[in-house]
Amino acid sequence: MGGPMDLLLRNATLPDGRTGIDLAVDAGRIAEVGPRLAARGAVEIDAAGRLVTPPFVDAHFHLDATLSHGQPRINRSGTLLEGIALWGELKPLLTHEAVVSRALAYADWAVARGILAIRAHVDVCDDRLLGVEALLEVRRRVAPYLDLQLVAFPQDGFYRSASAERNLLRALDLGVDVVGGIPHFERTMDEGARSVRALCEIAAKRGLRVDLHCDETDDPLSRHIETLALETRRLGLGGRVAGSHLTSMHSMDNYYVSKLLPLVAEAGVAAIANPLINIVIQGRHDTYPKRRGLTRVPEMLAAGIPVAFGQDCTLDPWYSLGSGDMLDVAHMGLHVAQMTSPEAMHQAFLAVTEAPARILGLEGYGLARGCHADFVLLDAASPSEAIRLRAPRLAVVRRGRVVSRGAPLACQLDLPGRPASVDFRLPPRA
Ligand code: FE2
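Residues numbered from 1 in each chain as written. Predicted model: local features only at pLDDT ≥ 70, side-chain atom pairs only at ≥ 80, totals over all residues. Heavy atoms only, no water.

## Quick look at the domain arrangement of the protein chain
Phase 1 of the analysis: For the protein chain, the assigned domains are domain 1 (5-54 + 366-411) and domain 2 (56-360).
Phase 2 of the analysis: For domain 1 and domain 2, the distance between their C-alpha centroids amounts to 30 Å.
Phase 3 of the analysis: Every contact between the two is made by 20 residues of domain 1 and, on the other side, 22 residues of domain 2.
Phase 4 of the analysis: Taken together, both faces of the contact between domain 1 and domain 2 bury some 1,700 Å²; the carbon and sulfur share is 67%. (Domains from an automatic or database assignment. Contact = heavy atoms within 4.5 Å. Buried area = accessible area lost by both parts, 1.4 Å probe.)

Structure below.
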């Protein structure tokens, strides 16, 4: 019998429904998982039947713009295009120090909310590459507690912006991880399609992943996802490519979509929807009825396409809310996509945990023996209850170390004939 484990978590419920499970952690990895382990721990946490999940993963975020809300002004129309214009006004005013300090502050929020991996798109349409340099520094500094994957994102258009192609390659040379793009913002559909081809070729040549802002528009004829699927297949990039947003799919003709989804599935392209942002930015040119703009999530899942939900923005030129809470994101995604069956609610939870972990290609993710000892203890009994309550994160563990502790929701009631505190669980049937 060896000495005590570094950490022992007792009596947890796992997202797959198993209850009464102990997790033993040694040297930063999960050493054992099972009911009532005989092991002892140098640190022991009693989950008391609560949910323990692998960490939240945000597959789509803009860490160079976050927490800049109001600088130099706010987005009056609420549209994507005014957001891009506003970001263009802010870019020349950015300093390395300001971007680093805001990104680090957001990373604190993320960790406290149980996010331990983020894919962040960094704008390369700036000849100084200020955002790239700043986020490369942030990636280094947060590495002990947060996996940060950077995407070289030509915000002003790969072809539409004169130096975007050169700057994107420079960013990749500096160590940015993923190839980004924005085909619907190029000058024409044809230029957009050509940008998809060129970006996929860059990724294939360098052995990188691809994540394009793709068809983030209400225009049903924005069909760059089709080209992305074709190029993924042609270049053998399946499993390493994601289309972010895909909001035009909301407005596409049903017959066309019935042909498109099998092609996307066959190519091995994943989808990343951003429910909070899509619901506020899309449909802005509509009167009534007003389109929701969220892509076809249940239909894609049914077709075998991996789908993740991302946060996208928090307090920036595009979105004036947000707090880095992936349960908020899942809550909105579940509502807008009407994913209310028990199975669909579970899929909404997986869309902010396992699905994005696979899309990012995270190594050692999960609660199985041998995985990194990264997990979150929630004040909830199940994934759907976690979403319903946006449950407090009682403990966030990274590589076997508790990196954040939270408190349960506590309100003292003063009501005649009622309990002194409030309990948000479903009361037992009378
Ligand atoms: Fe985005």
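The discussion continues.
## Here we look at the sheet that holds strand 4 (residues 41-46)
Phase 1 of the analysis: Pairing in this open sheet of 4 strands is mixed, and the strands run 3-2-1-4 from one edge to the other. Looking at which strands have only one partner, the edges of the open sheet turn out to be strand 3 (29-35) and strand 4. Averaged over all neighbouring strand pairs, the angle between strand axes comes to 15°, with direction disregarded.
Phase 2 of the analysis: Pairing analysis gives 5 bridges linking strand 1 (residues 5-12) to strand 4, with the strands arranged parallel. Bridged to Leu-8 within strand 4 is Glu-44. (Pairing = 2+ DSSP bridges. Helix = DSSP H or I, 4+ residues; strand = E, 2+ residues; numbered from the N terminus. Axes fitted to C-alpha atoms, helices over the stretch in contact; angles between N-to-C directions.)

## Overview of the sheet that holds strand 16 (residues 401-405)
Phase 1 of the analysis: On the basis of which strands lie adjacent, the open sheet formed by 4 strands has the order 5-14-15-16 and antiparallel pairing. The open sheet has two edge strands with one neighbour each: strand 5 (51-53) and strand 16. Strand-to-strand, the axes of this sheet are offset by a mean angle of 20°, without reference to chain direction.
Phase 2 of the analysis: Summarising the sheet, strand 15 (residues 393-398) and strand 16 pair through 4 bridges and their orientation is antiparallel. Each residue of the ladder has a partner; that of Val-397, found in strand 16, is Val-402.

## Section: the pattern of salt bridges
Phase 1 of the analysis: With the rule as written, the count across this model stands at 29 salt bridges.
Phase 2 of the analysis: Arg-206 is the salt-bridge partner of Asp-173, the closest N and O atoms lying 2.9 Å from each other. On the criterion of sequence distance, the pair formed by Asp-173 in helix 4 (residues 164-174) and Arg-206 in helix 5 (residues 189-206) is long-range, its members being 33 residues apart.
Phase 3 of the analysis: By relative accessible area, Asp-173 is classed as exposed at 58%.
Phase 4 of the analysis: For Arg-206, a relative accessible area of 34% corresponds to the partly exposed category.
Phase 5 of the analysis: Asp-374 serves as the salt-bridge partner of Arg-398, at 3.7 Å between the closest nitrogen and oxygen. One end of the pair, Arg-398, is in strand 15; the other, Asp-374, is in the loop between helix 13 (354-360) and strand 14 (375-378), with 24 residues separating them in the sequence. Pair check on accessibility: Arg-398 and Asp-374 agree, each one buried. (Salt bridge = Lys/Arg side-chain N within 4 Å of Asp/Glu carboxyl O. Buried < 20%, exposed > 50% of the residue type's maximum accessible area, 1.4 Å probe, protein only.)

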